[in-house]
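Chain by chain, the residues:
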Amino acid sequence: MSNAGKIARFGVIRWLKKYCDDRLIEGICGDLEELYEIESSQYGSGKAKRKLYWRALGFYRQSFKRKRERYPTRFEALLRNYVKMTFRNGKRNRTSTVINIMGLTFGLTACVFLGQYVYTEWQHDKHFDDHESIYRLSLEMEFGDDLTSMAVSPSGLGKKAKEQIKFVENYAILRRFSNFKFRKDNELIETAFIFSANPGWNEVLNFQWQEGNSATALVEPRSIVLTERFALRIFRSSKNLVGRSLTQENGDVYTVTGIIKTPPKTSHIHPEAFISLGNAQLVDQMDIWRYCAYVKVDKRTPLDQFESVLDAFSLALFKDKGGNGRGRIFIRPQALADIHFTSKLAFEMEPNDGNTSYLTGFCILIVVLLFMSVINYINLTTAQVGQRFKEIAVKRTFGAFSADLRLQFLVETAIYVFLSLVFSILLVAALQSSFESFANLDFPWHDMLNLQSVVFIAGSIIVFTLLLGLYPSLYLSNFRPIKSNSESLARFRSVMLFLQLGLSMVVISCTTVFFAQMNFMSNQSLGYQKDQVLFIGLNQEQQEKVYPLMDALKTLTSVEQVASSYHVPGNPPPINNFGYESKDGSKKIVCPQIYVDNGFLETLDISILAGNNFIEHRLDDGKKIGVMINESFMNKAGWTLDNAVGQQLKSGISWEDRVIGVVPDFHFTSLHHAIAPMVVRPIARGHNLLIKAKTNDYGELISDIENEWKGMFGNGNVDFKFLDQHFQAQYETDEKRAQLFAIFSFLIIFIALSGLFGMTTYAVQRRMKEMSIRKIHGASIKQILFLMTKAYGISGTIAAIVGGVLSYILMAHWLSDFAYSIDLNAFLIAMPAVVMILLVLVIAGAKSAKLAFVNPSETLRNE
Amino acid sequence: MKGTQLGELEELVLLTVATLYDEAYGVAIMAEIESKANRKITISTVHAVLKRLEEKGFLDSRYDGATNARGGRRKHLFTVSTAGQKVLNHSRAIRNSLWEAIPDLAFNKGS
């Protein structure tokens, strides 16, 4: 071949030479060359070349492929045989195949979802650069014997820390405004997530800037930086907005100086926009206690050293005593990523509902779920031994080593795992979006595309496969048909079954108690009537006309009572400190205070234990009407119903109030919080209206209210909420978690019971002849059913008892975390136990019924 | 192993190889089928059929006759084997017997 031809240099021919069989390639290339020659003289070389490419592509078929001229190695042949045996056996034992694959699929799917949940929770605030070296400085203040922890601190704290502590590289101060309205044409756009920040805040809490300059964005007063989502809401676009202006409801005009990417949900703050400080001097002032201070410290700073430096800094800054009986102030650094989970202080900017014990619970669920499917697999595989021992014996006779057999069962397991993986990937793909909307998370899939997580996932799949396959493969490969050890195997299986049932028992009873507690929380008497109460948030215009509005509403037949208030039940009230005189000198109580008017108690059906309600006073002139206290306050102060009225309370420097009444304890916020002392203060012109309906006919009530609104404000857009629903919203995260728990617990039980079903199927097959002989000898149906289900009944009962005790201990511990909890009575544990034992008996019995009704002459015919 | 039945295309190719005696290689077969049967088939299909027929034992092949037009490569030449002759005869016989079995009426109905 001196002349290799013109086409040999084309890529497609070079590849073809690699692909095609050596014996054919010369003829093929020769033909291609010949056709190319003809065509290039006909159409020119360009078109000929194109035609050649198409033609050459036609040769990429199986029949021209280069064959490996060798026999498969022993290993390949074995592997092929293993795969074949797996599918044959799988087909033969359809029940156990279905149960195994289903169990593994559900187990894996559930793990993917739970894993996502746990992972996303752990990601909180980790999107900030260098989050490990960012701390929020919270304060702990001494008031007498009380220690009050709070998230806010003086606005100047951040800057002082930067100037005086050498570790601190930068600081940020943030304050949330939860009631901002911007004008857009004729409507108002409301947002509860506006944060005011110092100009350098992005150096600590960095966001991704789309437009604008992060360093200068908040230098000028009345600057605003929007997130893309909020920009879309206001401008219907998120591009080229720098320089545009925004008008607040009260007429203030803000200039857009930057656009940032919408930050992920996984954060302890969910800003929609940042505005500059109302006053640039705030960063130096020490008397406005409304800002959260964040600092970024040098990466090498040890935490304990930082803490001790902060102690000294605090002592120098706040001295060891302050006004109002304040004692020392401790500055506690909170690691940024911990805030979501652990910080439940006073004056949090947003409630932190992260809960590490739930996360632990979910992790336990993952392990239990996997454990259940592992047990199922092991049990069902080893139960097949009776059927497979012929196969094993033949293989052994033909010289298979134990290692070969072990490998066979491992390969079999790997195939099952692979199939289940495929199914669960399909399931996850199908359910992902509904899961995300249910659990309110955006799973960052793009984060998963790195080597680390791929290795982790591949590694866990291998470990999982080994867990599943190791015992069956060891057991079956050593199986000696002559030396029967089925006795010990049966014992092993029943121990496994017992474990499964015990765990199911724990899961069932924990879920029951869990739900009982949830139910209790939402039905618990709060000390007032929240049903049939609507509340309406008022805007500025409406607040000015609140009294004519209330008078008009009171005349409606559908309305029983109307009140106005500053605080609405379900929203955490602010905290103040109140001083009083006692025989041991002056004391202080730090507690929440709410501002309400004289109709409030009646609207919510709260009685007065002693003294009087507020008098009706409609002028905002600072007239001293007095305050009411709740029972806890009274008890803590050491007063009684007889002498509480008339006591003097002192708060701040300016207020001096007389106690005019005592009200019973009631839960202003969720039952997560215990009843604490509280002060009820009078207000004129509240920001909210509370309306008590006379009947359950809300349709009439709402249309009446809307009519009033039209008459007074020209439109019927009333922003009302039902108080009970609003209150319930506090439990939403809890409820979501409870439902997730319930779903996955149900899965666990389902997997366990399907395993039981599979085991019974085998037992039935194995004992067919035995039971037939018993029948011939006169055993009744009842006796046969009893014989078949006895073992399961016993192990179910023992499992129920052990599991019950265990869950009692667990749940008692869990309930002790709640301020208000159900009594953990035996019934709550016993009922699930009975349900589980019944389920076990029904499943075992239903399968065994087949035996009881079998015709012995059919099963024994061959004998 | 593949069956010994002849497909329609296989039969066509086998017959073409027979007509081209000693000059039967890919391009020639393709051109012959195009001119005689007025049917366009790609060169890769021709090769695939040839390979299949050889595997079934109906064709023998050898390499010979390098030309410049082929870039100095030899032609992959095919001849019909004895088994090939047999199978062609067999299929012809079946056809003939079927043709003979057609009653006169069936095709002459209209006329």
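Novice: So, helix 4 (residues 74–92) of chain A: which residues are in play, and what are the values?
Specialist: Residue and element names in this part refer to chain A. The end-to-end C-alpha distance of helix 4, which contains 19 residues, comes to 27 Å, matching closely the 27 Å that a straight helix rising 1.5 Å per residue would cover. Burial in helix 4 covers these residues: Y82, M85, T86, N89 and G90. For helix 4, the arc enclosing every buried residue in end-on projection is 125°, short of the 170-degree limit, so these residues lie on one face. Opposite the packed face of helix 4, turned more than 90 degrees from it, sit the exposed residues R80, K91 and R92.

Novice: Residues and numbers for the layout of surface pockets, please.
Specialist: All names here are of chain A. Empty space within the second largest pocket amounts to approximately 1000 Å³. The wall of the second largest pocket is formed by 29 residues, among which C111, V112, F456, I457 and S460 lie closest to the centre. Those elements that provide at least two residues to the lining of the second largest pocket are helix 5 (94–122), helix 10 (356–383), helix 12 (402–439) and helix 13 (451–477). Here the lining of the second largest pocket takes nine residues from helix 13, the largest share from any one element.

Novice: Break down the nonpolar core for me, citing the residues and quoting the values.
Specialist: All names here are of chain A. Of all hydrophobic cores here, the largest spans 99 residues; its most connected members are F600 and F744. Residue contributions to this core peak at 17 residues, all from helix 21 (residues 732–776). Look past the residues within four positions of F600 in its chain and what remains in contact with it is A563, S565, I594, I606, F668 and L690.

Novice: Please provide a residue-by-residue account of helix 10 of chain A, values included.
Specialist: Across its 28 residues, helix 10 of chain A extends 40 Å between first and last C-alpha, which sits within 8% of the 40 Å expected from 1.5 Å per residue. Burial analysis of helix 10 of chain A places 20 of its 28 residues in the buried class, which makes it a mostly covered element.

Novice: Summarise the interface of chain A and chain B; cite the residues concerned and give the values.
Specialist: Counting residues at the interface gives 27 residues for chain A and 21 residues for chain B. Looking at the side of chain A facing chain B, the largest losses of area belong to E26, D31 and E34 of chain A, adding up to 27% of the total buried there. Counting across the chain A and chain B interface gives five salt bridges. Between chain A and chain B we count 15 residue pairs in polar contact (both at pLDDT 80 or more) in total.

About the thresholds
Residues numbered from 1 in each chain as written. Chains lettered and ligands numbered in written order. Predicted model: local features only at pLDDT ≥ 70, side-chain atom pairs only at ≥ 80, totals over all residues. Heavy atoms only, no water. Helix = DSSP H or I, 4+ residues; strand = E, 2+ residues; numbered from the N terminus. Expected span 1.5 Å × (residues − 1). Buried < 20%, exposed > 50% of the residue type's maximum accessible area, 1.4 Å probe, protein only. Arc of directions from axis to C-beta. 1 Å grid on protein atoms, 1.4 Å probe; cavity = no way out; pocket = protein on both sides within 12 Å on 5 of 7 lines; lining within 4 Å. Points joined across faces, edges and corners; volume = space filled by probe spheres on them. Core = buried A, V, L, I, M, F, W, Y, C linked by side-chain atoms within 4.5 Å. Contact = heavy atoms within 4.5 Å. Buried area = accessible area lost by both parts, 1.4 Å probe. Salt bridge = Lys/Arg side-chain N within 4 Å of Asp/Glu carboxyl O. Polar contact = N/O pair within 3.5 Å; in protein donor to acceptor, adjacent residues only side chain to side chain.

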